[in-house]
Amino acid sequence: MISFLRGTVHRIAADHLVVLTYGVGRKVHVTPDTLSKTRHGADIELVTTLVVREDSMTLFGFATEDENHTFEVLLSISGIGPRLAMAILAVMGPDELAAAISNQDANALTRVPGIGKKGASRIILELENKLPKLAATSPGPQLSFGGSNQQVVDALVGLGWKEPQAAEVVQEVTDDIGTDAGTSVILKAALKILGARK
């Protein structure tokens, strides 16, 4: 089981990184926020979970122990696979998810592509008893900042939105707050707008 990874960012794609460790490139699926905070050639540390299926082994990486733990808890829910769990973390993050569960806020969960009212209610029901674990926080590695508007568009496409729609919203956000705001800020603002328009 691979639970931690330290290396150099060899390649950045729409939904994953290739991290070079001792001459071996490892493909690691990460959240858009993590993508937005790294760059090619940067040193990186990720807390990881290896998801083993009958026909595949897929590595998922996170900036903090809290994100990783939340991902694993989400995978324990019937009907939630790695892709949907990553989408939840991309739109909400551990703290906002914990708040939504605590407040019985199904509307917050419906901002995630692929989750309707019925699914949101079921997730809240199943996570209620696991809330103390979700609310726990612990320090994690910090990532260096970098990225571009196209990277934000690619990340949104990876989460299920159409590219023209994603590009339009990213342009809207940058027109409003400027490109100097940083990729992470632009991404979060775009997700908020797309979630409200769903």
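Up top is the structure.
Residues numbered from 1 in each chain as written. Predicted model: local features only at pLDDT ≥ 70, side-chain atom pairs only at ≥ 80, totals over all residues. Heavy atoms only, no water.

## Overview of the environment of Val30
Positionally, Val30 belongs in the loop between strand E3 (24-29) and helix H1 (32-36). The residues contacting Val30, other than those within four sequence positions of it, are Asp15, His16, Leu17, Leu35, Leu46, Gly61 and Met86. (Helix = DSSP H or I, 4+ residues; strand = E, 2+ residues; numbered from the N terminus. Contact = heavy atoms within 4.5 Å.)

## A few points about the environment of Thr34
With respect to the helices, strands and loops of the structure, Thr34 is situated in helix H1. Spatially, the C-alpha atom of Thr34 lies 6.6 Å from that of Ala63, the residues being 29 residues apart in sequence.

## Here's the deal with the side chain of Thr31
Here Thr31 lies in the loop between E3 and H1. If we ignore the near neighbours within four places in the chain, the residues touching Thr31 are Met86 and Leu89.

## Focus on the sheet that holds strand E2 (residues 16-21)
Within the closed barrel, the 5 strands sit side by side as E1-E2-E3-E5-E4. Their pairing is mixed. Between one strand axis and the next, the sheet turns through 55° on average, direction left out of account. With 4 bridges connecting them, strand E1 (residues 4-12) and E2 associate as antiparallel partners. By the bridge assignment for E2, Ile12 is matched with Leu17. Sitting on the sheet, helix H2 (residues 65-75) is in contact with strand E4 (43-53) and strand E5 (56-62), with an inclination near 10° to E4. Relative to E5, helix H3 (residues 82-91) is tilted by about 10°, and along the sheet it contacts E3, E4 and E5. (Pairing = 2+ DSSP bridges. Axes fitted to C-alpha atoms, helices over the stretch in contact; angles between N-to-C directions.)

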